[in-house]
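One letter stands for each residue in the lines below.
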Amino acid sequence: MPTMWLSDSQKIGVAFCSGGGFFLIGGVLLFFDRAMLAMGNILFLIGLTIIIGPQKTITFFARKQKAKGTAAFFSGLALILMRWPLIGFCVELYGIMILFGDFLGTIAGFARNIPVIGPYIGTAVDRTGVVARQNADLPV
């Protein structure tokens, strides 16, 4: 079996992030259940910290360019904990888009390679224009 390029602790971090994603999806499906959304956020932050390390996590959230996204993300988390899950989730989603918007191209490229549904995801991404294709004018 081929080994992944992640260390064992990073694999645990990926599991935490995945669990956080599932809790977030479950919280949305259960009509913005406050407990599930909060658990998803906490698991996501723990997983991110384990994957890239505590110092890089603090540096990522404390960058001056990402201040608006960081404020929106943590404000949304606070709103969820203060029993305003719908508004908190929307504010948090805005923060996530600001914070992780740079990675959308990478995520879209990965999603295009998924068997069966990859081409459909690729055409949907191309139609929405969310990710601008780099070097699209080059003939080669």
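Rules and cut-offs
- In every chain, residue numbers begin from 1 and rise along the written sequence.
- In view of the model being predicted, local features appear only for residues whose pLDDT reaches at least 70, and side-chain atom pairs are presented and counted only at 80 or more, with totals across whole chains, interfaces and linings using the full set of residues.
- Side-chain numbers come from the whole structure's heavy atoms, not from hydrogens or water.
- Only the stretch in contact is used when a helix axis is fitted, and all axes are lines through C-alpha atoms; the angle between N-to-C directions ranges over 0 to 180 degrees.
- Helix and strand assignments follow DSSP, with helices taken as H or I runs no shorter than four residues and strands as E runs no shorter than two, numbered in order from the N terminus.
- By the convention used here, residues are in contact when the closest approach between their heavy atoms is within 4.5 Å.
- Under the grouping applied here, Gly and all other residues not named as nonpolar or charged are polar, the nonpolar ones being Ala, Val, Leu, Ile, Met, Phe, Trp, Tyr, Cys and Pro and the charged ones Asp, Glu, Lys and Arg.
- To qualify as a nonpolar core, a set must consist of buried Ala, Val, Leu, Ile, Met, Phe, Trp, Tyr and Cys residues joined through side-chain atoms within 4.5 Å.
- Only protein chains enter the accessibility calculation, which uses a 1.4 Å probe; a residue whose area is less than 20% of its type maximum is buried, one above 50% is exposed, and one in between is partly exposed.
- Confidence scores per residue from the predictor, reported as pLDDT, run from 0 to 100.
- In what follows, salt bridge is the name for a side-chain nitrogen of Lys or Arg lying within 4 Å of a carboxyl oxygen of Asp or Glu.
- In what follows, roughly perpendicular refers to angles from 65 to 115 degrees, roughly parallel to angles under 35, roughly antiparallel to angles over 145, and oblique to any angle outside these ranges.
- Each crossing gets its handedness from the near helix: less than a right angle anticlockwise from the far helix is left-handed, clockwise is right-handed.
- Geometry of aromatic contacts follows a simple scheme: Phe, Tyr and Trp rings, the Trp one being its six-membered ring, pair when their centres are within 6.5 Å, and the pair is stacked under 30 degrees between planes, edge-to-face over 60, tilted otherwise.
- Regarding the arc, it is the one traced by the directions from the helix axis to the C-beta atoms.

Some thoughts on the packing of helix α2 (residues 34–52) against helix α3 (residues 54–62)
Part 1 of the reasoning: Interhelical geometry of α2 versus α3 gives an angle of 115° and a closest axis separation of 6 Å. Residues L45, L48, T49 and I52 of α2 lie in contact with α3, whose contacting residues are P54, K56, T57 and F61.
Part 2 of the reasoning: The residue inventory of the contact of α2 with α3, partitioned by class, reads 5 nonpolar, 2 polar and 1 charged.

So, the nonpolar core
Part 1 of the reasoning: By size, the foremost hydrophobic cluster in this structure holds 8 residues: L45, L48, F60, F61, F73, L77, L99 and F100.
Part 2 of the reasoning: Elements with a contribution of two residues or more to this core: α2, α3, α4 (67–81) and α5 (85–100).
Part 3 of the reasoning: Apart from the residues within four sequence positions on either side, F100 is in contact with F44, L48 and F60.
Part 4 of the reasoning: Within the second largest apolar cluster, 5 residues are counted, among which are L24, L37, A38 and I80.

Details of the confidence of the model for the chain
Part 1 of the reasoning: For the chain, the average pLDDT comes to 87, and 89% of its residues sit at 70 or higher.
Part 2 of the reasoning: Per-element mean pLDDT across the chain ranges from 81 in helix α6 (residues 104–112) up to 96 in α4.

With respect to the pattern of salt bridges
Part 1 of the reasoning: Using the criterion set out here, one finds 2 salt bridges in the structure.
Part 2 of the reasoning: The shortest N-O distance in the salt bridge between K66 and D102 comes to 2.9 Å. With a gap of 36 residues between them, K66 in the loop between α3 and α4 and D102 in the loop between α5 and α6 connect regions that are remote in the sequence.
Part 3 of the reasoning: Since its relative accessible area comes to 6%, K66 is described here as buried.
Part 4 of the reasoning: Classification of D102 as exposed rests on a relative accessible area of 57%.
Part 5 of the reasoning: Here R112 makes a salt bridge to D126, at a shortest N to O gap of 2.4 Å. With R112 in helix α6 and D126 in helix α7 (residues 118–128), the pair connects residues that are 14 residues apart, well separated along the chain.
Part 6 of the reasoning: Taking the relative accessible area as the measure of exposure, D126 reaches 39% and is therefore partly exposed.

Focus on the packing of α4 against α5
Part 1 of the reasoning: At their nearest, the axes of α4 and α5 sit 7 Å apart, and the two run at 160° to each other. The pairing of α4 with α5 is recorded here as roughly antiparallel in orientation. When the axes of α4 and α5 are compared, the crossing they make is left-handed. Counted together, K68, G69, T70, A72, F73, S75, G76, L77, L79 and I80 of α4 and P85, I87, G88, F89, V91, E92, Y94, G95, I96, I98 and L99 of α5 form the full contact between these two elements.
Part 2 of the reasoning: In terms of residue class, the contact of α4 with α5 is built from 13 nonpolar, 6 polar and 2 charged.

Regarding the packing of aromatic side chains
Centre distance and the angle of the planes are the two values used to describe a pair of aromatic rings.
Part 1 of the reasoning: On inspection of all chains with the given rule, the structure shows 8 aromatic pairs.
Part 2 of the reasoning: One aromatic cluster is present, built from ring pairs that chain together F44, F60, F61, F73, F74, F100 and F103.

Description of the side chain of N41
Part 1 of the reasoning: For N41, the location among the structural elements is in helix α2.
Part 2 of the reasoning: When sequence neighbours within four positions are dropped, the list of residues in contact with N41 reads L24, F73, L77, I80 and E92.

Observations regarding α7
Part 1 of the reasoning: Within α7, burial applies to G118, G122 and V125. The arc that holds the buried residues of α7, viewed along the axis, is 65°, so those residues lie on one side. Those residues of α7 that are exposed and aimed more than 90 degrees away from the buried face are P119, Y120, R127 and T128.

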